[in-house]
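Structural characterization, general
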Amino acid sequence: QVQLVESGGGLVQAGGSLRLSCAASGSRFDINRMAWFRRFPGTQRELVALITSGGSTNYADSVKGRFTISRDNAKNTVYLQMNSLKPEDTAVYYCNAFIGPNSRGSYYDYWGQGTQVTVSS
């Protein structure tokens, strides 16, 4: 059973920083892309940043230059360093892992439970 365990959320003042971590465990197959999504109240999850197994990254325009995604493949852990936080970054942040292929050649998405990030003005 694959589990993604997130940590590092909390309350911070505008302009401050937080670092989110997400450790994946229980996978018998390769962990390909890892990513962070966020969800604002009443909306769907949106991509914040992703990183491939080879280290290529992609960011939402709203966080470019402020957030940095990284991963430690040996630990199956992905990080999100969030700097210069703004009140509009307030959301629940979710870790995502795209895992496969399994013995049937299939890939699957797995999600963490979410961690609240609140930025006060």
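Going by the structure above, here's the rest.
About the criteria used
Residues numbered from 1 in each chain as written. Predicted model: local features only at pLDDT ≥ 70, side-chain atom pairs only at ≥ 80, totals over all residues. Heavy atoms only, no water. Phe/Tyr/Trp six-rings, centres within 6.5 Å; stacked < 30°, edge-to-face > 60°. Helix = DSSP H or I, 4+ residues; strand = E, 2+ residues; numbered from the N terminus. Buried < 20%, exposed > 50% of the residue type's maximum accessible area, 1.4 Å probe, protein only. Lys NZ or Arg CZ within 6 Å of the ring centre and 35° of its normal.

1. What to know about the packing of aromatic side chains
Across all of its chains, the model carries 2 aromatic pairs by this definition. With a centroid separation of 4.9 Å and 70° between ring planes, the pair formed by Phe-37 and Trp-111 is classed as edge-to-face. One end of the pair, Phe-37, is in strand 4 (residues 31–39); the other, Trp-111, is in strand 10 (residues 108–111), and 74 residues separate them in sequence. Overall, Phe-37 belongs to the buried group, its relative accessible area being 18%. Overall, the relative accessible area of 33% leaves Trp-111 in the partly exposed class. Taken together, a centroid distance of 5.3 Å and an interplanar angle of 15° make the contact between Phe-98 and Tyr-107 stacked. Owing to a relative accessible area of 25%, Phe-98 belongs among the partly exposed residues under this scheme. Residue classification places Tyr-107 among the partly exposed positions, given a relative accessible area of 41%. Across the ring face of Tyr-94, the terminal group of Arg-45 is positioned such that the distance to the ring centre comes to 4.9 Å.

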